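Letter by letter, the chains look like this.
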Amino acid sequence: MASTLPPHVTQSSFDAALSSWRRSIGSVHVLTAAESLAGYSDAYSPLAEHAGASAALLPANVEEVRAVLRIASEHGIPLWPISTGRNLAYGGAAPRLDGTVMLDLKRMNRILEVDDKLCYALVEPGVSYFDLYEYIQERKLPLWLSVPAPGWGSVIGNTVERGVGYTPYGDHFGMQCGMEVVLPDGDLLRTGMGAMSGSRAWSLFKYGFGPYVDGLFTQSNFGVVTKLGMWLMPAPADFLSCSVYFANEEDLQQIVDIMRPLKIALVIPNAATIYSAVVKAASLAVRADFYRGEGAMPPDALKRMIKQLDIGFWNLSFALYGPTPFIENQWALLQQAFGRIKGARFAAKRLGDELHYRDLLQAGIPNMGEFNTLNWLPQSVHMDFSPISALDGAEAVKQYRMISSRAREHGFDYFGALIAGWRELHHIFALGFNRYDENEKARARKLFAILIDEAAAAGYGEYRTHLAYMDRVAATYDYNNGAMLRFQEKLKNAIDPAGVLAPGKQGIWPERFRDQRGGPA
Ligand code: ADP
């Protein structure tokens, strides 16, 4: 018997589905014991409690995924696909709806193709960034990856969530080309040129013929991605990881305004990131070294910390790639540009120097260094508040003031970074809380909801969010009476009439589970 059945599912239909799944993928790949399901949870959950999954299915190949979905549709059992389940800060390996059956794709972990002439890879969901990196290193291929921090997650999992990396190929969905997708009713399609049986350009030309649909399978519940093409960067002749330290809080506006034309013209080719002092400090020290009191760190302690660690109030990080004389000239030009800000200090490192984990990320070398920053506070986990703004100094300052002052009011440090994309900033505020302190969690939930609402009122939307807040964030995308969500739910009901694939993901609810909207937060 399942410990928690999904809503609107009877024990008898659940048992019938389990029997069919056992027959189609083998009993050992249908997990129902509590100890086997413990990992399908959110280790960073902000919630007081959540019951988690009722079972997990581990298919070995595409045909088995198709069979799993057909059986789910037949019996009306909700499934939640994960690739490696490392989606920490946004929900981990937990489903949105308690009692959902996990569709764990980690056994499908083949690297199907790596082409060093046309520079792409074709992978299955269980392939992690570490796996792909090792494959390339072992064969000494002249290719670089773009990896998120940390590197243990899956290439497909990160790309379908529209995650980012730190090389010029850091817009992972932007660099994706071609998908294979199992639809909720078990049908199988390939996107782009893959829609033509004989094409050899599946991983080379994104658009194929007719509507471009790959985006429909990112941050959605419209299909299970079983293969994905990813463009890779040719290994550059030389690499320089550059840091600029700025002394003053007020410098933020000028930093962003100097950066904008340089980013848009690709003089800075990668996702330049502005780390706040606390984020920078957390990779070097722990908070107790500077402050042991309650609430957010007061300004005098912050000042002492910045001085003692010899860091900036803002710490800008980007990298340059190419032949040595090119990048040296670029670096000279960039030092001149940012040198207009009084007190700016510069440092640069090459491969072979002693590298910080963020330097490694800019070189596409997967690592787990980011986890050290969790030691900033004891027992700390986090959920990330991630609004988008224009790549504009005044906008950055407005968001920074809004988030940092609310965080301080609620007793949390501003653990923030601003990452420059093509023309926008992803502002990532990691709201850290003690995972065993229910009061602190409740305060974190309250702050998070306030941030979503206040950001929306100011015209800022999140690019991604924790499962518990998907409905709240989806509701902020409200143009024309929520036309976008209405369209998404029309599609959902058409392609998933049984409503079985990841109900509630991104706030998209099928008719069958519509009464579950709103959720825990
Ligand atoms: P990672 O381990 O790379 O962080 P996850 O496996 O945790 O990624 O997946 C993150 C989220 O992306 C999941 O909650 C799920 O909603 C979605 N997802 C992951 N893999 C797939 C897939 N192959 N097809 C469709 N959606 C997926």
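Since the structure is predicted, the reported quantities are computational estimates derived from the model, not experimental observations.

Digging into the side chain of asparagine 158
Here is step 1 of the chain: Along the chain, asparagine 158 turns up in helix α5 (residues 155–160).
Here is step 2 of the chain: The exposure class of asparagine 158 is buried, given its relative accessible area of 11%.
Here is step 3 of the chain: Contact partners of asparagine 158, with chain neighbours within four places excluded, come to Tyr129, Pro148, Gly163, Val164 and His172.

Looking at the sheet that holds strand β8 (residues 176–182)
Here is step 1 of the chain: Across the sheet, five strands lie side by side as β5-β6-β10-β8-β9; this open sheet has antiparallel pairing. The two strands at the open ends of the sheet, each matched to only one other strand, are β5 (111–115) and β9 (188–190). With direction set aside, neighbouring strand axes in the sheet form an average angle of 10°.
Here is step 2 of the chain: The pairing of β8 with β9 spans three bridges and is classified as antiparallel. Paired with valine 181 across the two strands is leucine 189, which belongs to β9.

Let's talk about unusual backbone geometry
Here is step 1 of the chain: Residue proline 150 is reached from alanine 149 by a cis peptide bond, and omega for that bond is -5°.
Here is step 2 of the chain: The topology assignment puts proline 150 in the loop between β7 (143–144) and α5.
Here is step 3 of the chain: Unusually for a residue other than glycine, histidine 8 sits at a positive phi of about 60°.
Here is step 4 of the chain: Mapping histidine 8 onto the fold places it in the segment before α1 (11–25).
Here is step 5 of the chain: Accessibility expressed as a relative area gives 43% for histidine 8, which makes it partly exposed.
Here is step 6 of the chain: One non-glycine residue with positive phi stands out, namely alanine 89, at about 85°.
Here is step 7 of the chain: Looking at where alanine 89 falls in the secondary structure, it is placed in the loop between β3 (79–82) and β4 (101–104).
Here is step 8 of the chain: Assessed through its relative accessible area of 1%, alanine 89 is described here as buried.

Observations regarding the packing of helix α6 (residues 252–264) against helix α9 (residues 324–338)
The angle between the axes and the distance between the axes are what describe a pair of packed helices.
Here is step 1 of the chain: It is the contact of α6 with α9, at a shortest axis distance of 10 Å, that shows an interaxial angle of 145°. Here the hand of the crossing between α6 and α9 comes out right-handed. Seen from α6, the contacting residues are Ile255, Ile258, Met259 and Leu262; seen from α9, they are Leu333, Leu334, Ala337 and Phe338.
Here is step 2 of the chain: Taken together, the residues of the contact of α6 with α9 sort by class into eight nonpolar, no polar and no charged.

So, the pattern of salt bridges
Here is step 1 of the chain: Tallying each qualifying case throughout the model produces 24 salt bridges.
Here is step 2 of the chain: Taken together, the salt bridges that share partners define one network made up of Glu489, Glu511, Arg514 and Arg517.

Considering the site of the ligand
Here is step 1 of the chain: Close to the ligand lie 20 residues, the nearest being Ser83, Thr84, Arg86, Val225 and Lys505.
Here is step 2 of the chain: Note that an oxygen atom of the ligand is positioned 2.5 Å from one of the side-chain N or O atoms of threonine 84.
Here is step 3 of the chain: Within the backbone of valine 225, a nitrogen or oxygen atom sits 2.8 Å from a nitrogen atom of the ligand.
Here is step 4 of the chain: Relative to its free-state accessible area of 550 Å², the ligand is covered by the protein chains to the extent of 96%.
Here is step 5 of the chain: If you list the elements that add at least two residues to the shell around the ligand, you get β3, α5 and β10 (224–231).
Here is step 6 of the chain: Here the shell around the ligand gets four residues from one element, more than from any other, and that element is α5.
Here is step 7 of the chain: Across the shell around the ligand, the residue classes tally to eight nonpolar, nine polar and three charged.

Conventions adopted
- Residues numbered from 1 in each chain as written.
- Predicted model: local features only at pLDDT ≥ 70, side-chain atom pairs only at ≥ 80, totals over all residues.
- Heavy atoms only, no water.
- Helix = DSSP H or I, 4+ residues; strand = E, 2+ residues; numbered from the N terminus.
- Buried < 20%, exposed > 50% of the residue type's maximum accessible area, 1.4 Å probe, protein only.
- Contact = heavy atoms within 4.5 Å.
- Pairing = 2+ DSSP bridges.
- Axes fitted to C-alpha atoms, helices over the stretch in contact; angles between N-to-C directions.
- Left-handed = near helix turned anticlockwise from the far one by under 90°.
- Nonpolar A, V, L, I, M, F, W, Y, C, P; charged D, E, K, R; others polar.
- Salt bridge = Lys/Arg side-chain N within 4 Å of Asp/Glu carboxyl O.
- Near = heavy atom within 4 Å.
- Polar contact = N/O pair within 3.5 Å; in protein donor to acceptor, adjacent residues only side chain to side chain.
- Areas by Shrake-Rupley, 256 points an atom, 1.4 Å probe, with all protein chains shown as cover.

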